[in-house]
Amino acid sequence: MDTLELAGRTFRVTRARASDVPALVGLLADDVLGRGREGEAMEPYLRAFEQIHADPHQLLVAVRDEDEQIAATVQLTLLPGLSRGGATRLQIEAVRVGASARGTGLGSAVLAWAHDWGRAHGATLAQLTTDGSRTDAHRFYERLGYEPSHVGFKRPL
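Because the structure is a prediction, the values reported are computed rather than measured. (Residues numbered from 1 in each chain as written. Predicted model: local features only at pLDDT ≥ 70, side-chain atom pairs only at ≥ 80, totals over all residues. Heavy atoms only, no water.)

Undergrad: I keep staring at the overall build of the protein chain and nothing clicks. Help me out?
TA: When you go through the protein chain residue by residue, the secondary structure sums to six helices and six strands. Listed by position from the N terminus, the elements making up the protein chain come as β-β-α-α-α-β-β-α-β-α-β-α. For a compact globule of 157 residues, the expected C-alpha radius of gyration is about 15 Å, and the protein chain comes in at 16 Å, within 12% of that figure. Taking the principal axes of its C-alpha atoms as reference, the protein chain extends roughly 45 × 40 × 35 Å. (Helix = DSSP H or I, 4+ residues; strand = E, 2+ residues; numbered from the N terminus. Rg over C-alpha atoms; globule rule 2.2 N^0.38 Å.)

Undergrad: Any chance you could explain the sheet that holds strand β5 (residues 88-97) here in plain terms?
TA: Hydrogen bonds along the backbone pair up the strands of a sheet, which may run parallel or antiparallel. Read from one edge of the open sheet, six strands run β1-β2-β3-β4-β5-β6, paired in mixed fashion. Both edges of this open sheet fall to β1 (2-6) and β6 (123-128), since each of them pairs with a single strand only. Neighbour-to-neighbour, the strand axes of this sheet turn through a mean angle of 25 degrees, independent of strand direction. The sheet contact formed by β5 and β6 spans five bridges and is parallel. (Pairing = 2+ DSSP bridges. Axes fitted to C-alpha atoms, helices over the stretch in contact; angles between N-to-C directions.)

Undergrad: Before we go on, may I ask you to explain the environment of His115 in this structure?
TA: When you line up the elements, His115 lands in helix α5 (residues 106-120). Looking at His115, the relative accessible area reads 18%, which means it is buried. Residues His115 and Ala23, spaced 92 residues apart in sequence, show a C-alpha to C-alpha distance of 24 Å. Apart from residues no more than four positions distant in its own chain, His115 is found in contact with Leu90, Ile92, Ala126 and Tyr146. A polar contact of 2.6 Å, which involves the side chain of His115, links it to the side chain of Tyr146. (Buried < 20%, exposed > 50% of the residue type's maximum accessible area, 1.4 Å probe, protein only. Contact = heavy atoms within 4.5 Å. Polar contact = N/O pair within 3.5 Å; in protein donor to acceptor, adjacent residues only side chain to side chain.)

Undergrad: Just to check I follow, could you spell out helix α3 (residues 43-54) for this structure?
TA: Think of an α-helix as turning once every 3.6 residues; residues three or four places apart then point the same way. Along its twelve residues, α3 runs 17 Å from first to last C-alpha, staying within 8% of the 16 Å computed at 1.5 Å per residue. Those residues of α3 that fall on the buried side of the exposure criterion are Tyr45, Phe49 and Ile52. Angular distribution of buried residues about the axis of α3 spans 65 degrees; they occupy a single face of the element. Exposed and facing more than 90 degrees away from the buried side of α3 are Arg47, Gln51 and Ala54. As for α3, its buried residues are in contact with α1 (21-29), β3 (58-64) and β4 (70-80). (Expected span 1.5 Å × (residues − 1). Arc of directions from axis to C-beta.)

Undergrad: Help me understand the nonpolar core in this model?
TA: The nonpolar side chains of a soluble globular protein tend to be buried, and buried together. Counting 30 residues, the largest nonpolar core has Leu76, Ile92 and Leu106 as its most contacted members. Looking at this core, the elements that each hand over two or more residues are β1, β2 (9-15), β3, β4, β5, α5, β6 and α6 (135-143). The dominant element in this core, judged by the number of residues it contributes, is α5, at seven residues. Once residues lying within four places of it in the same chain are set aside, the contact partners of Leu76 are His57, Gln58, Leu59, Leu90, Gln91, Ile92, Trp113, Ala114 and Trp117. In terms of nonpolar packing, the next biggest core, distinct from the first, is built from eleven residues, Ala16, Tyr45, Ile52 and Ile70 among them. (Core = buried A, V, L, I, M, F, W, Y, C linked by side-chain atoms within 4.5 Å.)

Undergrad: Can you walk me through the packing of aromatic side chains in this structure?
TA: Aromatic ring pairs are described here by two measures, namely the spacing of the ring centres and the angle between the planes. Considering all chains together, one arrives at two aromatic pairs under this definition. Seen in terms of ring centroids, Tyr141 and Tyr146 are 5.9 Å apart; in terms of plane orientation they differ by 70 degrees. Their pairing is edge-to-face. Its relative accessible area of 11% is what places Tyr141 among the buried residues. Owing to a relative accessible area of 14%, Tyr146 belongs among the buried residues under this scheme. Among the aromatic residues, those joined into a cluster by ring pairs are Phe140, Tyr141 and Tyr146. (Phe/Tyr/Trp six-rings, centres within 6.5 Å; stacked < 30°, edge-to-face > 60°.)

Structure below.
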């Protein structure tokens, strides 16, 4: 898809493949909240991957380093809506940068890439949620121009 040059390193932004799922789940589990949320059985993740992969409004990204190892991920969803004059929103989920690439600017670069992808696909607004306890993430998103504009609610079904 695209190449990102950062801190003397090269990263490739690619569409995730089924074979990437274990590494992507590893990134999701590699933080305080993820350790308690993510499981070891790959079958549910593979089923979810197939649904995401088949949906033309979604893109699951695997960012690969020079050794083809997955260094980051993000899931993008286009949400057409009636509000804001029929605006399409870019929903950004599961932003993760692996330990080997932290501090390189990869997180900022991946989100800039995601914004460009969203604009190219008709989105006029990017939105994301982050756990209330992730104060470092809040500062990161605010540095990128995001504003804490809503209160989110979740409910198990």
